[in-house]
Amino acid sequence: MSEPAAGHLDFAALAELDEGLLGGAAADAARAHLAECPSCRSMQEHLAATRSALAALPDEPMPTAVSARLDAALRGAAGTATVVPAQAAAVPFWRRPTAAGLAAAAAVAALVAGVVVGTTRHHDKARPLNEAAAGAGAVQRAAAAANFPVTSSGQQYTPVNAPTLVAGLLKAKAAPLASGAGGTAASPNPSPLTLTNTQVPDALAPLESSRAAILRCVAALRAGEPFAAPIHVDFGVFTNRPIHVINQPAMILLLPADKPTFDEAWIVGPNCATAPDNNLYLYQQVPAQP
Amino acid sequence: MSEPLTGPDVDDRALIDRHAAGDRDAFAELVRRHRDRLWRVALRTLGNPEDAADALQDALLSAYRAAGGFRGDAAVTTWLHRIVVNACLDVARKKAARPSVPLSDTPADDRPARDTIGDRETSGDVLAALRTLPPEQAAAVVLVDIEGYPVAEVAVMLDVPVGTVKSRCARARGRLAESLQHLAPGKGAPGSGAPGSGAPGNPATAPPVRNTGDDNDDGEEPR
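Conventions we followed
- Residues numbered from 1 in each chain as written.
- Chains lettered and ligands numbered in written order.
- Predicted model: local features only at pLDDT ≥ 70, side-chain atom pairs only at ≥ 80, totals over all residues.
- Heavy atoms only, no water.
- Helix = DSSP H or I, 4+ residues; strand = E, 2+ residues; numbered from the N terminus.
- Buried < 20%, exposed > 50% of the residue type's maximum accessible area, 1.4 Å probe, protein only.
- Contact = heavy atoms within 4.5 Å.
- Phe/Tyr/Trp six-rings, centres within 6.5 Å; stacked < 30°, edge-to-face > 60°.
- Lys NZ or Arg CZ within 6 Å of the ring centre and 35° of its normal.
- Expected span 1.5 Å × (residues − 1).
- Arc of directions from axis to C-beta.
- Core = buried A, V, L, I, M, F, W, Y, C linked by side-chain atoms within 4.5 Å.
- Salt bridge = Lys/Arg side-chain N within 4 Å of Asp/Glu carboxyl O.
- Pairing = 2+ DSSP bridges.
- pLDDT = per-residue confidence, 0-100.
- Axes fitted to C-alpha atoms, helices over the stretch in contact; angles between N-to-C directions.
- Parallel < 35°, antiparallel > 145°, perpendicular 65-115°, else oblique.
- Left-handed = near helix turned anticlockwise from the far one by under 90°.

Mind showing me how you'd approach the overall build of chain A here?
A count of helices and strands for chain A gives 10 helices and six strands. Residues counted as buried form 50% of the 290 residues belonging to chain A. Nonlocal contacts in chain A, meaning residues at least 24 apart in sequence, comprise 65% of its contacts between residues at least 6 apart.

Shown next as structure tokens:
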């Protein structure tokens, strides 16, 4: 498109020439110029060398931490059948889903839900930290040790800010303000954190007021596997605009993982990622707290 | 589901079918097969591992849900790439829309993307230059020049005309060549890092600024 003065070519023009994007006359002029301009020819060679350097970039396998995180997220998806509301799931990556395609997707979701929910899943990672909590009494036993802090910040969580906000929760926890911790129930709107910016939706009240209900939720997320009590639980809202999830009631669970290096942040809806909404909004690994 | 999940006779399409039929291991196997190349695409399109992991997680969960509606008119890998690239561009747009969120802009510099001494400077510089491209251009050049997919397939992955893929690639290459001029023979000391001619930025000291703004060439016509 652009040939600078004196007929010299810039990298943009050279790249377009190479890709066959220059029109006939411009391409002819560019080639004629190249034939007698060593400086432009050397730029053309540099452009080719740049492409070679791209092709020669060293291989980079997925880090173990990332594949562990993805495995866990997919396990979560399997355990909860669908991960975001069906209307959001139907839209994003199919250009124009046909009616038949949507019906098929719905049928699959129903099938997966029927097959998967409530079953015990096995995966290859041991959970040494949590073994003591195994079995049918897991909820009770975790409850026995359940002094986990519960806050109602009302914060708006998003996939982008979640790590920061979760880290903030832990910092706040370290400060002496655990008003709800240790009691049998958090009051409906205690807001022990001062970062409140929205009301906690009423739909969360049953969870907010009962640690046992929270633990049942954790048990459901762990899908029958042994689990430990949460590190911290917060109530707020979740927003993920690209998939049209706006300010949905959300419980934020910071759970210990089976590895010492990271914890897991789960964000779920009021019915804890079970039917009918199946709202598991987010799963992320966050660096473990010292 | 008694057949083995791996092996040459179980192709990607069969894994999708098994997944759709409720086989819980099928999707994991599909991901296992392709995760390294999907990771490379996400990492190099977005330029840092945190964003790449976020995008991949979004993408794979979407793929998990959408696989039941997979249409056989594209290869499974093309479809997976398409979902991953879309998720990457979403993440990039989200970041651009929220410049105040203090996401990790620091980490990208010491990534283990380095092998031999001879290549180290070059690949570090190439990756740093890549991070300065608008995401759409980065995605195109990553898929075509780094991963080596045919332009026509990349057009399907990016859901744009072939001509747009070519022009995004050309723009990206032009910019990359420009930012890598200090490596060019004949500019300063040939082939040896060329400190002389005002090298455009040591990646360790100058955090790359992702250009997310005006020259986003969405919707441009192929020329």
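Sorry, what's going on with the packing of aromatic side chains here?
Given two aromatic rings, one states the distance between the centres and the angle between the planes to describe the pair. Per the stated rule, a full pass over the model turns up two aromatic pairs over all chains. On the numbers, 4.8 Å between centres and 75° between planes, the contact of A:Trp266 with A:Tyr283 is edge-to-face. Residue A:Trp266 is located in strand S5 (residues 262–268), and its partner A:Tyr283 is located in strand S6 (residues 280–287); the two are separated by 17 residues in the primary sequence. Since its relative accessible area comes to 2%, A:Tyr283 is described here as buried. Considering the side-chain rings of B:Phe27 and B:Tyr64, the 5.2 Å spacing of their centres and the 85° angle between planes classify their relative orientation as edge-to-face. One end of the pair, B:Phe27, is in helix H2 (residues 24–46); the other, B:Tyr64, is in helix H3 (residues 49–66), with 37 residues separating them in the sequence. Its end group placed over the ring of A:Phe148, A:Arg211 keeps NZ or CZ at 5.2 Å from the ring centre.

How should I be thinking about helix H3 (residues 38–55) of chain A in this particular structure?
An α-helical turn contains 3.6 residues, so a residue and the one three or four places further along point in the same direction. All names here are of chain A. Its 18 residues give H3 an end-to-end C-alpha distance of 26 Å, which sits within 8% of 26 Å, the value for a rise of 1.5 Å per residue. Turning to H3, its buried residues number three or more, namely Cys40, Met43, His46, Leu47, Thr50, Ala53 and Leu54. Angularly, the buried residues of H3 cover 125° about the axis, an arc narrow enough to put them on a single face. In H3, the exposed positions that point more than 90 degrees away from the buried face belong to Pro38, Glu45 and Ala55.

Is there a simple way to think about the nonpolar core in this case?
The nonpolar side chains of a soluble globular protein tend to be buried with one another. Formed by 63 residues in total, the largest nonpolar core has its most connected members in A:Ile214, A:Phe235, A:Met251, A:Leu253 and B:Trp79. Considering every element that reaches this core, the biggest residue donor is H3(B), with 10 residues. A:Leu54, B:Ala129, B:Ala139 and B:Cys169 belong to the second-largest nonpolar core, a separate cluster that totals 32 residues.

Sorry, what's going on with the pattern of salt bridges here?
Between side chains of opposite charge, a pair can form when the charged atoms approach closely. Per the stated rule, a full pass over the model turns up 16 salt bridges over all chains. A:Asp59 serves as the salt-bridge partner of B:Arg40, at 2.8 Å between the closest nitrogen and oxygen. Here the residue B:Arg40 occupies a position in helix H2, and A:Asp59 occupies one in the loop between H3 and helix H4 (64–80), the pair thus bridging two chains. Linking B:Asp145 and B:Arg173 is a salt bridge whose minimum nitrogen-to-oxygen distance equals 2.7 Å. One end of the pair, B:Asp145, is in helix H6 (residues 135–146); the other, B:Arg173, is in helix H8 (residues 162–179), with 28 residues separating them in the sequence. Residue class for B:Asp145 comes out buried when judged on its relative accessible area of 7%.

Which parts of the structure should I look at to understand the pairing of S5(A)?
It is a general feature of regular strands that their side chains alternate between the two faces of the sheet. Residue and element names in this part refer to chain A. In terms of burial, S5 is a largely internal element, seven of the seven residues being buried. The pairing of strand S4 (residues 245–256) with S5 spans six bridges and is antiparallel. The residue bridging leucine 254 from the neighbouring strand is alanine 265, located in S5. Between S4 and S5, which pair antiparallel and follow one another directly, the connecting turn spans five residues.

Would you explain the confidence of the model for chain B in this entry?
Low-pLDDT stretches of the model should not have their predicted coordinates read in fine detail. All names here are of chain B. Across chain B, the average pLDDT comes to 74, with 65% of residues at 70 or higher. This model gives residues 187–208 a pLDDT under 50, and the stretch forms 25 contacts once residues within four places in sequence are excluded. Taken together, the stretch residues 212–223 has pLDDT below 50 and engages in 26 contacts with residues farther than four places along the chain or on a different chain.

Got a minute to help me understand the environment of B:Leu80 in this structure?
All names here are of chain B. For leucine 80, the location among the structural elements is in helix H4 (residues 76–97). For leucine 80, a relative accessible area of 4% corresponds to the buried category. Considering only alpha carbons, one finds leucine 80 and leucine 30, 50 residues apart in sequence, at a separation of 9.8 Å. The contact partners of leucine 80, leaving out residues within four places of it in the chain, are Leu30, His34, Leu38 and Ala63.

How should I be thinking about the packing of helix H1 (residues 11–18) of chain A against H3(A) in this particular structure?
Think of two packed helices as two axes; the pair is described by the angle between the axes and how far apart they sit. Residues and elements named next belong to chain A. Relative orientation of the contacting elements H1 and H3 amounts to 65°, with a least axis distance of 10 Å. The angle between H1 and H3 places the two elements in the roughly perpendicular class. Considering the relative orientation of H1 and H3, their crossing is right-handed. Across the interface between the two elements, Phe11, Leu14, Ala15, Leu17 and Asp18 from H1 touch Cys40, Met43, Gln44, His46 and Leu47 from H3.

What am I meant to see in helix H1 (residues 12–20) of chain B here?
Taken together, the buried positions of H1(B) are occupied by B:Asp12, B:Leu15, B:Ile16, B:Arg18, B:His19 and B:Ala20. Positioned one or two residues after H1(B), B:Gly22 has a phi angle of 100°, which is positive.

Honestly, unusual backbone geometry in this entry has me stumped. Any pointers?
Although it is not a glycine, A:Asn247 adopts a positive phi angle of roughly 45°. Here A:Asn247 falls in the partly exposed class, since its relative accessible area comes to 37%. Phi at B:Asp159 takes a positive value of approximately 60°, unusual for a residue other than glycine. Examined against the element boundaries, B:Asp159 turns out to sit in the loop between helix H7 (151–158) and H8.

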